[in-house]
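# Coordinates in review
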Amino acid sequence: MSMIAAFYGGKSILITGATGFLGKVLMEKLFRTSPDLKVIYILVRPKAGQTLQQRVFQILNSKLFEKVKEVCPNVHEKIRAIYADLSQNDFAISKEDMQELLSCTNIIFHCAATVRFDDTLRHAVQLNVTATRQLLLMASQMPKLEAFIHISTAYSNCNLKHIDEVIYPCPVEPKKIIDSLEWLDDAIIEEIAPKLIRDWPNIYTYTKALGEMVVQQESRNLNIAIIRPSIVGATWQEPFPGWVDNINGPNGLIIAAGKGFLRALKAAPKAVADLIPVDTVVNLMLAVGWYTAVHRPKSTLVYHSTSGNLNPCNWHKMGVQVLATFEKIPLERAFRRPYANFTSNNFTSQYWNAVSHQAPAIIYDCYLRLTGRKPRMTKVMNQILRTASMLEYFLNRSWEWSTYNTEMLMSELSPEDQRVFNFDVRQLNWLEYIENYVLGVKKYLLKEDMAGIPEAKQHLKRLRNIHYLFNTALFLIVWRLLIARSQMARNVWFFIVSFCYKFLSYFRASSTLKV
Ligand SMILES: CCCCCCCCCCCCCCCCCCCCCCCCCC(=O)SCCNC(=O)CCNC(=O)[C@H](O)C(C)(C)COP(=O)(O)OP(=O)(O)OC[C@H]1O[C@@H](n2cnc3c(N)ncnc32)[C@H](O)[C@@H]1OP(=O)(O)O
Ligand SMILES: NC(=O)C1=CN([C@@H]2O[C@H](COP(=O)(O)OP(=O)(O)OC[C@H]3O[C@@H](n4cnc5c(N)ncnc54)[C@H](OP(=O)(O)O)[C@@H]3O)[C@@H](O)[C@H]2O)C=CC1
């Protein structure tokens, strides 16, 4: 019997960010392995015209939860959605709901965050720092609380090269920032933001670092642990391989590559691609929740959920496998044939951007205009290039994350727990994982039908022929122009023509002799 699964039985668990990528997989695993848990409280806001109930209904009826419904048929009754907006005071939770949360919660998993790299400093601080402080304050009023698990990111200290499982101080106290945001106006905040974030690459990673400091400062006598995942990717094994449902991180770039929009990327081919499957992160989270509650470590432990030092993969290997998978299982209606180049050179990267990205988009838009349709490809291309440039920082560097605490925890688990809550990334076969990942992007994110693969392959063949035709036509035009203007080009041309003529004459003569 799994000790971890048994631990969550009968527990009331509070999850923030449960509607997000990580949160959904966390809920799924909890219900599947501990169907006898008491209740999962989730803090949700209405979104995109959907009420809380509609959002929960949609999650529970997704493919991700198919197995859960078999093991835990009354899952609907065990999930309690509480209206909350984490960017508001007291999260805008009603008094009755707050009372219930304070008196019943046993474990907290704090996953909610804004993960946009370009969010405003005000909003990112509200979500990633102030809300964390507020939740810790709530936690300190929960008599039954056993563990508080805070999800940060391995990149919260990406201004360092080697990162240990410790909380690093930030140059400016989080409290000072929170206070000053109260009276500064938005324009001034945006002006001082670059000075505040210093050598952090974006507001997201900076505010996640501040969030960790807040956890350290406000921990009081709570049992807290921090988990730092690197780039969270599709599921590896559970509940099935390749599940993914948003375009963050690598997902958007994989789609852009598969559709033939993105054919070059400014990335160091040998830099470590520190991806970590989402189910591995969730298994670690559940193990950490159990360990923190049962063993009550004296200080706040930080756990790295990374792959680089245990089972490294690099961007080149990843890119090659992504392309190899698209050969076998192409995406539908691609713009161009998938192909990609990783270069860390500025000049080469700009060349590829102009030739492989901007020029085809402009040509296609001209074609759309000529056929009376609205041009859109330049806009799409610019959007993709903007996203790629935002991710560039992470594609051109490698970090070393130590994993002592994570490995220590692994050794503390029983063999059964090591199997059920496996977070040993050394067992991951990258080639197989990436193939399932790409397949998952096609099936679960783009919702493309596998029956459409032959047609998609046919489409790619047509694109290849158009490509050859276009290149031949372009060559002939350029050559014709050169011949008109340059004596040297004319000489070369006459040399080639006379050579071909002589070759053909010789060929004809020798075949006549044979007859
Ligand atoms: C020989 C060689 C061979 C080579 C072969 C090569 C092969 C090549 C293969 C290449 C592939 C392999 C390489 C993989 C590389 C991976 C690198 C990963 C690094 C990640 C590091 C992460 C480190 C940190 C990790 C962390 O710790 S945390 C997570 C990280 N955080 C993020 O990943 C957020 C980033 N993104 C943003 O920050 C914003 O997205 C921003 C970008 C500002 C744009 O922003 P903006 O321009 O405003 O555009 P949006 O509005 O956002 O979106 C625009 C449109 O997409 C829509 N849409 C937005 N969302 C979503 C959503 N959910 N679900 C559905 N739709 C969505 C939205 O509706 C809108 O559609 P529309 O309405 O226009 O129709
Ligand atoms: N994905 C990744 O690659 C990595 C993620 N992480 C960390 O993991 C955690 C989860 O990330 P992930 O699941 O990918 O992110 P998502 O963007 O998928 O999910 C974010 C969650 O936070 C919720 N949220 C955001 N703003 C509010 C708000 N004002 N009130 C209530 N809820 C809000 C969202 O709710 P809603 O659905 O309503 O928007 C959503 O449930 C984050 O802390 C992130 O920093 C760390 C490393 C890598």
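For the structure, check the block above.
Residues numbered from 1 in each chain as written. Chains lettered and ligands numbered in written order. Predicted model: local features only at pLDDT ≥ 70, side-chain atom pairs only at ≥ 80, totals over all residues. Heavy atoms only, no water.

### So, the overall build of the protein chain
Counting its secondary structure elements, the protein chain contains 20 helices and 13 strands. Dimensions along the principal axes, computed over C-alpha positions, put the protein chain at roughly 100 × 55 × 45 Å. Here the protein chain holds 515 residues, and 52% of them are scored as buried. Considering only intrachain contacts with a sequence separation of at least 6, the fraction spanning at least 24 residues in the protein chain is 83%. The average position of the 59 basic charges and that of the 44 acidic charges among the side chains of the protein chain differ by 12 Å. (Helix = DSSP H or I, 4+ residues; strand = E, 2+ residues; numbered from the N terminus. Buried < 20%, exposed > 50% of the residue type's maximum accessible area, 1.4 Å probe, protein only. Contact = heavy atoms within 4.5 Å. Lys, Arg positive; Asp, Glu negative; His and termini not counted. Charge placed at Lys NZ, Arg CZ, Asp CG, Glu CD.)

### Some remarks on the site of ligand 1
The immediate surroundings of ligand 1 are formed by 29 residues, with Arg116, Phe117, Tyr204, Gly249 and Gln383 found nearest. Taking arginine 116, its side chain carries an N or O atom lying 2.7 Å from an oxygen atom of ligand 1. Contact distances for ligand 1 include 2.8 Å between an oxygen atom and a side-chain N or O atom of tyrosine 204. Out of a free accessible area of 1600 Å², ligand 1 has 72% covered by protein chains. Mapped by element, the contributors of at least two residues to the shell around ligand 1 are α11 (250–258), α13 (315–328) and α15 (377–395). Broken down by element, the shell around ligand 1 gets its largest block of residues, seven residues, from α15. For the shell around ligand 1, the residue count by class is 18 nonpolar, eight polar and three charged. (Near = heavy atom within 4 Å. Polar contact = N/O pair within 3.5 Å; in protein donor to acceptor, adjacent residues only side chain to side chain. Areas by Shrake-Rupley, 256 points an atom, 1.4 Å probe, with all protein chains shown as cover. Nonpolar A, V, L, I, M, F, W, Y, C, P; charged D, E, K, R; others polar.)

### Describing helix α18 (residues 430–445)
Since the α-helix advances by 3.6 residues per turn, residues separated by three or four positions end up pointing in the same direction. When we look at burial in α18, the residues that qualify are Trp430, Tyr433, Ile434, Tyr437, Val438, Gly440, Val441, Lys442, Tyr444 and Leu445. Structurally, α18 contributes buried residues whose contacts are with β8 (231–233), α11, β10 (275–277), α13 and α19 (453–485). Among the residues of α18, the N-terminal cap falls to asparagine 429, whose side-chain oxygen and the backbone nitrogen of leucine 431 are separated by 3.1 Å. One or two residues past the end of α18 sits lysine 447, with phi positive at roughly 55°.

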